[in-house]
Amino acid sequence: MSKTITPAEPIKRAREPRGTGRRLYGAIAHKLGAAILAGEYLPGEVLSGEIVFAELLDVSRSAYREAIQVLAAKGLVESRPKAGTRVLPRNRWNLLDPEVLGWAFAGQPDVAFVRSLFELRAIVEPAAAALAAERRDKAALKSMRDALAGMTRHTLASEAGRMADRDFHNAILHATGNDALIVLSASVCAAVSWTTQFKHRQRDLPRNPIPDHRRVLDAIAASDPAAASEAMRVLVELALEDTRQSMQV
């Protein structure tokens with residue numbers, strides 16, 4: 001039997017969407033999406049009506065409806081006439097959507113979900129590095145070198161350094177020339193960016209991961225698929241270990 005969320009429940013912690021600086025409905029979607037990913041609203045639960053939520057959030061009903069449409073498009077909720085808005089099962093959520101990944105890391109991310117992201121990376125990125133070693137051109141190598149230089153200059157503790165890290169992984173996926181892998185680049189790079197940011201929330205990393213990236217680049221530049229794949233496998237494994245320490249799991 002489904003449960004209807006009452007006005008006094010977690011929505012109170014999602015007030016003041018105007019303070020985010022984003023478009024209003026986007027800010028509402030962010031707050032509700034983060035609450036769903038955090039488990040404050042469980043699958044099968046029915047949200048209170050738009051009038052109640054709009055009043056609690058101090059927003060227009062139209063802004064709230066647009067936010068719900070954003071959540072529905074990402075598979076988090078389903079709205080039906082007379083039945084209301086229901087949180088969908090987790091297997092319906094578009095967890096690889098970059099915005100949904102951001103919602104997952106807005107608070108304390110689920111340990112199993114973080115592990116699943118690294119399992120995805122361990123499957124995709126070593127193979128992508130091997131293909132990149134076979135197919136990269138001068139422009140791709142320049143993009144990787146520029147990104148690595150940015151990581152070195154700014155460090156991964158800064159936003160600029162994390163953007164360079166994302167650019168590095170993005171350049172490798174694009175260097176494969178494989179359209180299916182390139183489609184995954186936004187999701188994979190978002191996972192890289194959010195997990196890296198998460199690792200730096202509480203403390204500095206105990207080691208410098210930039211040499212791991214340099215080994216990947218060197219193997220790709222040398223057109224050595226086996227070495228590129230192995231270097232990327234080690235990079236992902238070490239990143240997972242760093243994240244385990246950050247999560248203390």
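First, a word on what this report is: a plain description of the structure on this page. Remember, it's a predicted structure, so these values are computed and weren't measured experimentally.

**Let's talk about the overall build of the protein chain**
- Along its length, the protein chain carries 10 helices and three strands.
- Its helices and strands taken in sequence order, the protein chain reads α-β-α-α-β-β-α-α-α-α-α-α-α from the N to the C terminus.
- Burial analysis of the protein chain (249 residues in total) assigns 46% to the buried set.
- Relative to all contacts within the protein chain whose residues are 6 or more apart in sequence, the contacts with residues 24 or more apart total 69%.
- By element, 52% of the accessible surface of the protein chain is carried by carbon and sulfur atoms, the whole surface being about 12,200 Å².

**Quick look at the packing of aromatic side chains**
- Within the structure shown, the criterion is met by two aromatic pairs.
- Here the aromatic rings of F105 and W194 are separated by 6.4 Å at their centres, their planes lie at 10°, and the arrangement is stacked. Highlighted residues: F105 in the loop between helix 4 (98-104) and helix 5 (111-135) and W194 in helix 8 (residues 179-199), separated in sequence by 89 residues.
- Residue classification places F105 among the buried positions, given a relative accessible area of 1%.
- Ring-pair connections join several aromatic residues into one group, and the members of that group are F105, W194 and F198.

**Focus: the pattern of salt bridges**
- Following the criterion strictly, the structure yields 11 salt bridges and no others.
- A salt bridge links E99 to K74; the shortest N-O distance between them is 3.3 Å. In this pair, E99 sits in helix 4 while K74 sits in the loop between helix 3 (61-73) and strand 2 (77-80), placing the two residues 25 residues apart along the sequence.
- According to the relative accessible area criterion, K74 is buried, its value standing at 12%.
- The residue K142 makes a salt bridge to D146 at a minimum N-O spacing of 2.7 Å. Residue K142 and its partner D146 are both found in helix 6 (residues 138-154); the two are separated by four residues, about one turn of the helix.
- For D146, a relative accessible area of 43% puts it in the partly exposed group.

**Describing the side chain of T243**
- Among the secondary structure elements, T243 is positioned in helix 10 (residues 225-247).
- With residues near it in sequence (within four places) discarded, T243 still touches V114, F118, F198 and K199.

**Notes on the side chain of D242**
- Among the secondary structure elements, D242 is positioned in helix 10.
- Residue D242 is classed as buried on the basis of its relative accessible area, which comes to 4%.
- When near neighbours in sequence (up to four residues on either side) are disregarded, D242 contacts K199, L205 and R207.

**Re the pairing of strand 3 (residues 84-87)**
- Bridge analysis of strand 1 (residues 46-47) against strand 3 gives two bridges, and the strand direction is antiparallel. Bridge pairing in strand 3 links L47 to T85.
- Of the strand pairs in this sheet, strand 2 and strand 3 are connected by four bridges, and their pairing is antiparallel. Looking at strand 3, one finds that R80 is bridged to G84.
- Connecting strand 2 to the next strand, strand 3, in antiparallel fashion are three residues, including K82 with a positive phi near 70°.

**Some details on unusual backbone geometry**
- Of note, T155 is a non-glycine position whose phi angle comes to about 70°, a positive value.
- Position of T155 relative to the elements: it lies in the loop between helix 6 and helix 7 (159-175).
- One non-glycine residue, S223, lies in positive phi territory at about 55°.
- Counting through the fold element by element, S223 comes out in the loop between helix 9 (210-221) and helix 10.

**Side note on the packing of helix 2 (residues 50-57) against helix 3**
- The geometry of helix 2 relative to helix 3 is characterised by a closest axis approach of 9 Å and an angle of 110° between their N-to-C directions. Here helix 2 lies roughly perpendicular to helix 3, going by the angle between them. Between helix 2 and helix 3, the contacting residues are E50, I51, F53, A54 and L57 on the first element and R61, Y64 and R65 on the second.
- When the residues that make up the contact of helix 2 with helix 3 are grouped by side-chain class, the tally is five nonpolar, no polar and three charged.

Parameters at a glance
Residues numbered from 1 in each chain as written. Predicted model: local features only at pLDDT ≥ 70, side-chain atom pairs only at ≥ 80, totals over all residues. Heavy atoms only, no water. Helix = DSSP H or I, 4+ residues; strand = E, 2+ residues; numbered from the N terminus. Buried < 20%, exposed > 50% of the residue type's maximum accessible area, 1.4 Å probe, protein only. Contact = heavy atoms within 4.5 Å. Areas by Shrake-Rupley, 256 points an atom, 1.4 Å probe, with all protein chains shown as cover. Phe/Tyr/Trp six-rings, centres within 6.5 Å; stacked < 30°, edge-to-face > 60°. Salt bridge = Lys/Arg side-chain N within 4 Å of Asp/Glu carboxyl O. Pairing = 2+ DSSP bridges. Axes fitted to C-alpha atoms, helices over the stretch in contact; angles between N-to-C directions. Parallel < 35°, antiparallel > 145°, perpendicular 65-115°, else oblique. Nonpolar A, V, L, I, M, F, W, Y, C, P; charged D, E, K, R; others polar.

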